[in-house]
Amino acid sequence: MDFEKARKNMVEYQLKLRGIYDKKILNAFMKVKRHLFVPESIQEYAYEDCALPIGEGQTISQPYIIALMLQILELNENDVVLEVGTGSGYQTALLANIVKFVYSIERNEILMQKAKERLLNLGYNNIFIEIGDGTKGWPEKNISFDKIIVSAAAPKVPEPLFEQLKSTGVMVIPIGSKTYQRLCKIVKLNDGSMQSEDYDGCVFVPLIGEYGW
Ligand code: SAM
């Protein structure tokens, strides 16, 4: 199978045609080999327009939804980003190609170990991965983030995550029920208040934890 051709088609037809224009994001999607982040038995479907199972009852999200979330964040090369829900580590790798540092938390030990090993083998040196309940934020409380991306569905914005967002920082998070959500862009304004804007409808696995489900 010609994975490079499949990757180019994914970028052209699933991302560019649907309004993903940020060059940094498109370049990252061209560079990161999605087929290395899914089980070998389903590698041939890695560049399809859908989410795929990664074991432990979890999924690697649809490429377009990941791209949309990254574009909503308006990422800059000096950003320090918190990702909640490492999953396969695919989105972590995309982020690591765009920003300065990525801090990623995963609650499932098996997925976390696999993603850590995979990203280390691929040579990434700007990623920190921890096991834990990401609804409580990064364990070291003295860090704050320019951007936060939550890759699982929450009933509301987890307070500790909003606290760990820098002033004028941006969070993207699917909010709604366990079966249907809307992508929300959350901005922390200079006075510390929250501004929220709704984007597309989506379906994510639930965010399980103290400030989630
Ligand atoms: N973006 C990921 C990728 O590229 O593979 C897919 C993320 S998957 C849709 C959601 C992940 O969130 C799952 O791996 C799940 O175990 C994790 N998760 C759910 N609740 C969590 C929590 N409270 N803290 C950390 N991870 C959590």
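Bear in mind that the values here come from a model prediction, so they are computed numbers and not experimental data. (Residues numbered from 1 in each chain as written. Predicted model: local features only at pLDDT ≥ 70, side-chain atom pairs only at ≥ 80, totals over all residues. Heavy atoms only, no water.)

Caption draft 1: Expanded view of the state of the cysteines. A complete count under the given rule lists zero disulfides for this structure. Distance from the sulfur of Cys-50, which forms no disulfide, to the nearest cysteine sulfur (Cys-202) is 16 Å. Accessibility expressed as a relative area gives 30% for Cys-50, which makes it partly exposed. Cysteine Cys-202 remains unbridged, with the sulfur of Cys-184 as its closest cysteine sulfur at 8.3 Å. On the accessibility criterion, Cys-202 (5% relative accessible area) is buried. (Disulfide = S-S within 2.5 Å. Buried < 20%, exposed > 50% of the residue type's maximum accessible area, 1.4 Å probe, protein only.)

Caption draft 2: Region of interest: the site of the ligand. In the vicinity of the ligand, 26 residues are found, and the nearest of them are Ser-88, Glu-106, Asp-133, Gly-134 and Ile-208. Between the ligand and the protein, one listed contact pairs an oxygen atom with a side-chain N or O atom of Ser-88 at 2.6 Å. Here a nitrogen atom of the ligand sits 3.0 Å away from a polar atom, N or O, in the side chain of Asp-133. Protein contacts shield 99% of the accessible area of the ligand, which totals 600 Å² for the unbound molecule. Using a 2 Å cut-off from the grid points, one finds that the ligand occupies the largest pocket. Counting only elements with at least two residues in the shell around the ligand, the list comes to β2 (58-60), α4 (90-98) and β4 (101-106). In terms of residues, the shell around the ligand owes the most to one element, β2, which gives three residues. (Near = heavy atom within 4 Å. Polar contact = N/O pair within 3.5 Å; in protein donor to acceptor, adjacent residues only side chain to side chain. Areas by Shrake-Rupley, 256 points an atom, 1.4 Å probe, with all protein chains shown as cover. 1 Å grid on protein atoms, 1.4 Å probe; cavity = no way out; pocket = protein on both sides within 12 Å on 5 of 7 lines; lining within 4 Å. Sits in = over half its atoms within 2 Å of the grid points. Helix = DSSP H or I, 4+ residues; strand = E, 2+ residues; numbered from the N terminus.)

Caption draft 3: Broad picture of the layout of surface pockets. As a volume, the largest pocket reaches approximately 550 Å³. The set of elements that each furnish at least two residues to the lining of the largest pocket consists of β2, α3 (63-72), β3 (80-84), α4, β4 and β9 (194-202). Of the residues forming the lining of the largest pocket, the biggest block, three residues, is contributed by β2. Taken together, the residues that form the lining of the largest pocket break down as 16 nonpolar, 15 polar and five charged. (Points joined across faces, edges and corners; volume = space filled by probe spheres on them. Nonpolar A, V, L, I, M, F, W, Y, C, P; charged D, E, K, R; others polar.)

Caption draft 4: Structural context of the packing of helix α1 (residues 3-15) against helix α2 (residues 23-31). Put simply, α1 and α2 touch, their axes get as near as 9 Å, and they point 150° apart. Between α1 and α2, the crossing angle belongs to the class labelled roughly antiparallel. Between α1 and α2 lies a crossing of right-handed hand. Residues Glu-4, Arg-7, Lys-8, Met-10, Val-11 and Leu-15 of α1 form the contact with α2, whose participating residues are Leu-26, Phe-29 and Met-30. Residues belonging to the contact of α1 with α2 are distributed by class as follows: six nonpolar, no polar and three charged. (Axes fitted to C-alpha atoms, helices over the stretch in contact; angles between N-to-C directions. Parallel < 35°, antiparallel > 145°, perpendicular 65-115°, else oblique. Left-handed = near helix turned anticlockwise from the far one by under 90°. Contact = heavy atoms within 4.5 Å.)

Caption draft 5: Representation of the sheet that holds β9 in the model. Strand order in the open sheet formed by seven strands is β5-β4-β3-β6-β7-β8-β9, with mixed pairing between adjacent strands. The two strands at the open ends of the sheet, each matched to only one other strand, are β5 (127-131) and β9. Adjacent strand axes in the sheet meet at a mean angle of 15°, parallel and antiparallel pairs treated alike. Strand direction decides the pairing type here: strand β6 (residues 145-150) and strand β7 (residues 165-176), joined by four bridges, are parallel. What sits directly across from Lys-147, in β7, is Val-170. Helix α5 (residues 109-121) contacts β4 and β5 of the sheet and is inclined by roughly 165° relative to β5. (Pairing = 2+ DSSP bridges.)

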